[in-house]
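# Chain and residue survey
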Amino acid sequence: MKILPSDNSYRTFCELTSGYRMFCVVAEAVRLGIIDRLEEGSATSLELLAATNLQPEEGERFIALLVSTGLLEQCDGLLHLSLFSRTFLSRSSATSQRQVLVFEPLLMENWHRLGTVLHEGQGALIREHPPDECRERLQLFQQAMTEAAVVRSRELWDAVTRLPESGTIIDIGAGEGTYLREFLGRNPLWQGIACDLADVCSRAASGCIPDNLSYYPCNIIDLEELSAFVSGYRAKADILLFSNICHCYSAAENAALLEQATALLADDGLLIVHDFYRDANSFGALYDLHMLVNTWNGRSYSIDEIKDMLQKAGLRHNTVFELPSFSLALVASRRTPYQAASLALKTSSTIDNGL
Ligand SMILES: C[S@@+](CC[C@H](N)C(=O)[O-])C[C@H]1O[C@@H](n2cnc3c(N)ncnc32)[C@H](O)[C@@H]1O
């Protein structure tokens, strides 16, 4: 595992302590409308200042910073969005992350009070919000999660290849179904079943959904509900996906969930735990603390902890892929190890374990 400060450099110290500044710059460039204005077409500094009502001198300094940090580009006196900004910040980009920028400050509130959690225990900062605020926060959470899922689902399905032409994929804690939509776009002869809480399913199913995608409302922590789902779909899943769901629950809850839900898996099916692992990289390690300050009992697990749960659930083989943006896919099966395609091997590090 590589934790950032391990290089012992002052440069790393400076980057760590001032990381929040770039967050403020990116969020402000969006909030001020600079990104939206340049998405409409290139502009001079003067035109941009007029469009955004900034003070001439302060605004010029801010624009100069956006150019020097690579968020904007300047050519022949005209400002344009950089490729990075077009990809992640522009409104019309399929991979826009603008809701993530709005949601992250809500998480920071609790990060500032990490000490309280360390003294009083996990859950100390979790409080009830008035119903309207609660709905708004939940909606922001789902939107930010969906934006992240657009990028992460591409990374996952780029790595998990060599699949049969048709089959059934069940996604547990599917959210809006973004992972399934990306998968079904690449594998149109497959059927997808998205399982999530009833209100999430009804919201997601009210939009436009492909014919081969359906939603199954189920509270997976309620043993009766899970058992009804399992009896209806026993051994039907050629792929059973748990993406960023295990980190929402305790070890005991996950062990019970994985053991029971494994009955959904076809005999030669693949179970994928796609998540942030606390011993894989510093992002995963920090994710554990994010769960500590922002949830009742969520946590990120080590690779061995999840392997152990899967082994107890009867999945003896596993292959681990490190994906480009810090998450890992642990692909487990009952009989033979999953064989990665050569493309995936080139872009990801893999470890095979036949126990
Ligand atoms: C962190 S999100 C992950 C969403 C998506 N799988 C992804 O990777 O982006 C967790 C999802 O699990 C769902 N979830 C949490 N607890 C659940 C439960 N008890 N039963 C069903 N779904 C649940 C949430 O509603 C949410 O959509």
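Look above for the structure.
Read on for an overview of the structure.

What counts and what doesn't
Residues numbered from 1 in each chain as written. Predicted model: local features only at pLDDT ≥ 70, side-chain atom pairs only at ≥ 80, totals over all residues. Heavy atoms only, no water. Near = heavy atom within 4 Å. Polar contact = N/O pair within 3.5 Å; in protein donor to acceptor, adjacent residues only side chain to side chain. Areas by Shrake-Rupley, 256 points an atom, 1.4 Å probe, with all protein chains shown as cover. Nonpolar A, V, L, I, M, F, W, Y, C, P; charged D, E, K, R; others polar. Salt bridge = Lys/Arg side-chain N within 4 Å of Asp/Glu carboxyl O. Helix = DSSP H or I, 4+ residues; strand = E, 2+ residues; numbered from the N terminus. Buried < 20%, exposed > 50% of the residue type's maximum accessible area, 1.4 Å probe, protein only.

In the region of the ligand, 17 residues are neighbours, and G173, D196, N219, S243 and Y249 sit closest. Contact between the ligand and D196: an oxygen atom at 2.7 Å from a side-chain N or O atom of the residue. Note that a nitrogen atom of the ligand is positioned 2.8 Å from one of the side-chain N or O atoms of N219. Summarising the interface, the protein chains cover 92% of the accessible area of the ligand, which totals 590 Å² for the free molecule. Residue composition of the shell around the ligand, by class: 10 nonpolar, 6 polar and 1 charged.

The next subject is the pattern of salt bridges. Following the criterion strictly, the structure yields 11 salt bridges and no others. Between D36 and R91 there is a salt bridge, with the nearest N and O atoms lying 3.5 Å from each other. Linking D36 in helix α3 (residues 34–40) with R91 in the loop between α6 (83–88) and α7 (98–111), this pair joins segments that are 55 residues apart in sequence. Residue classification places D36 among the buried residues on the basis of a relative accessible area of 15%. Classification of R91 as exposed rests on a relative accessible area of 52%. Measuring nitrogen to oxygen at the nearest pair gives 3.9 Å for the salt bridge that ties E133 to R137. Here the residue E133 and the residue R137 both occupy positions in helix α9 (residues 131–159), the gap between them amounting to 4 residues, near one helical turn. Judged by relative accessible area, which is 31%, E133 ranks as partly exposed. Three or more residues joined by partner-sharing salt bridges are found here, namely D36, R91 and R98.

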